[in-house]
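This is what each chain is made of:
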Amino acid sequence: MISKKNAENCHPPPDQKAVTDLTDMRIIDTYPNIPTAFANGAFSPDRWRAYIDAAIPGLRPLLEADAQEIQATGGVAWERDFLPVLNALPEKADSCRAAHDSFLGVTDGLDRTIRDKFGRSVDVDVYFYLGLCNGAGWVTSLHGRTVVLLGLEKIVELNWCGPDDMRGLIWHELGHVYQAQHGVLKRAFDRAADRLLWQLFTEGVAMVFEQRLADDAGYYHQDKNGWKAWCDGHFADMKADFRRDLDTVTCAGQRWFGDWVYYRDHADVGYYLGCRFVRYILTLYPFDDILRFDIGDVRRLYDQFMTQL
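The following refers to the structure shown. These numbers come from a predicted model, not from an experiment.

## A word on the side chain of K239
Along the chain, K239 turns up in helix α11 (residues 235–248). Within the local environment of K239, its side chain forms a polar contact with the backbone oxygen of F305, the two atoms lying 3.0 Å apart. The residues touching K239, leaving out its near neighbours within four places in the chain, are L273, Y302, F305, M306 and Q308.

## Examining the packing of aromatic side chains
Under the criterion given, the structure shown has 28 aromatic pairs. Residues W227 and Y272 carry aromatic rings whose centres are separated by 6.1 Å and whose planes lie at 80° to one another, so their mutual orientation is edge-to-face. A residue pair is termed long-range when its members are at least 10 positions apart, and W227 in helix α10 (residues 227–233) and Y272 in helix α12 (residues 269–281) qualify at 45 residues. A relative accessible area of 6% means that W227 is categorised as buried. What links up through ring pairs into an aromatic cluster is the set Y220, W227, W230, F235, F242, W256, Y263, Y272, F277, Y280, Y302 and F305. Over the ring of F305 we find K239, and its NZ or CZ is 4.5 Å from the ring centre. Across from the ring centre of F235, 3.7 Å away, lies the NZ or CZ of R276, which sits over that ring.

## Re the pattern of salt bridges
In this structure the tally under the stated criterion is 25 salt bridges. One salt bridge in this structure joins D232 and K228, with 2.9 Å as the shortest N-O distance. Residue D232 and its partner K228 are both found in helix α10; the two are separated by four residues, about one turn of the helix. D237 is the salt-bridge partner of R264, the closest N and O atoms lying 3.4 Å from each other. One end of the pair, R264, is in the loop between α11 and α12; the other, D237, is in helix α11, with 27 residues separating them in the sequence. With a relative accessible area of 31%, D237 lands in the partly exposed category. Because the salt bridges share partners, they merge into one network encompassing D46, R49, D53, R60 and E64.

## Overview of the state of the cysteines
Counted under the stated rule, the structure contains zero disulfides. No disulfide involves C133; its nearest neighbouring cysteine sulfur is the one of C96, lying 12 Å away.

## Comments concerning the pairing of strand β4 (residues 124–129)
For β4, the buried fraction is high: six of the six residues fall into the buried class. Of the two faces of β4, the one lined by V124, V126 and F128 and the one lined by D125, Y127 and Y129 are each fully buried. Sheet topology note: the strand β1 (residues 25–29)/β4 ladder contains five bridges and is parallel. Looking across to β4, one finds that D29 is bridged to F128.

## Brief notes about the environment of A39
If you trace the backbone, A39 turns up in strand β2 (residues 38–39). Here A39 is in contact with S44 and R47, once residues within four sequence places are set aside.

## Thoughts on helix α14 (residues 295–307)
Along its 13 residues, α14 runs 19 Å from first to last C-alpha, staying within 8% of the 18 Å computed at 1.5 Å per residue. Those residues of α14 that fall on the buried side of the exposure criterion are I295, V298, L301, Y302, F305 and M306. Buried residues along α14 cover an arc of 145° about the axis, so they all sit on one side. Of the residues that open α14, the one with a side-chain oxygen 3.0 Å from the backbone nitrogen of G296 is D294.

About the cut-offs
- Residues numbered from 1 in each chain as written.
- Predicted model: local features only at pLDDT ≥ 70, side-chain atom pairs only at ≥ 80, totals over all residues.
- Heavy atoms only, no water.
- Helix = DSSP H or I, 4+ residues; strand = E, 2+ residues; numbered from the N terminus.
- Polar contact = N/O pair within 3.5 Å; in protein donor to acceptor, adjacent residues only side chain to side chain.
- Contact = heavy atoms within 4.5 Å.
- Phe/Tyr/Trp six-rings, centres within 6.5 Å; stacked < 30°, edge-to-face > 60°.
- Buried < 20%, exposed > 50% of the residue type's maximum accessible area, 1.4 Å probe, protein only.
- Lys NZ or Arg CZ within 6 Å of the ring centre and 35° of its normal.
- Salt bridge = Lys/Arg side-chain N within 4 Å of Asp/Glu carboxyl O.
- Disulfide = S-S within 2.5 Å.
- Pairing = 2+ DSSP bridges.
- Expected span 1.5 Å × (residues − 1).
- Arc of directions from axis to C-beta.

Shown next as structure tokens:
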């Protein structure tokens, strides 16, 4: 969260749009055309360009710029890190089919489900496509519309091909889109502590969005190998450590969000803590009301949350 996408952090979701009831969720499946990006079982950049330009006009410059930006950091290289992932796909046909089946299952009736649970949906295009290792899940904008990009190559590499992983990818991103379009998602902060606290809040909102779609207040898509049980048992420690971290955190130094950082040898722990925080807020306010909170509201409620056992 590339994992669910480091680019989730490199490329934050777009600015919120004016609230409208004329929402339109569109599901765009390019899976049948993905084989055209390969020649003799190997990835072909030229064929990929033809595929992506035909399947999703206008997206290619964004994907190529993102891939170049990631490589410019010096930590990854096309020949060593990206090309092998792409070349492996033809040999992983079963995984590709499983990922596609999961995508179809999760998105089937999704717009109606969101309307049933929340009273309104989101204005978004959800694409299942082949990228340049830009990430398993990425929220950005294209032609003035919010888009969720689901990259088959990263999904297969990370073995996130099953329905639960797909739900985590899609539902969580749509939770952020829901807050952006029906409230305020992005705010500018001068203090790293405020940025981290705001992230705790917004990630918690997205987690609760997932739980409502799942009809399960205990649902966490991260729950594998005892993750939730461990979090349940260390909840008090998390609260205390997060508060201490607010005094010392830097932009690059947080240990709570993303499966590339660890809190006591466990990843993604901030999503659990954020969900518990938002669940506390929801004992006081309706879900749609909290979407427009500012950092002052979040600080006040966080201080109250810290006094709860």
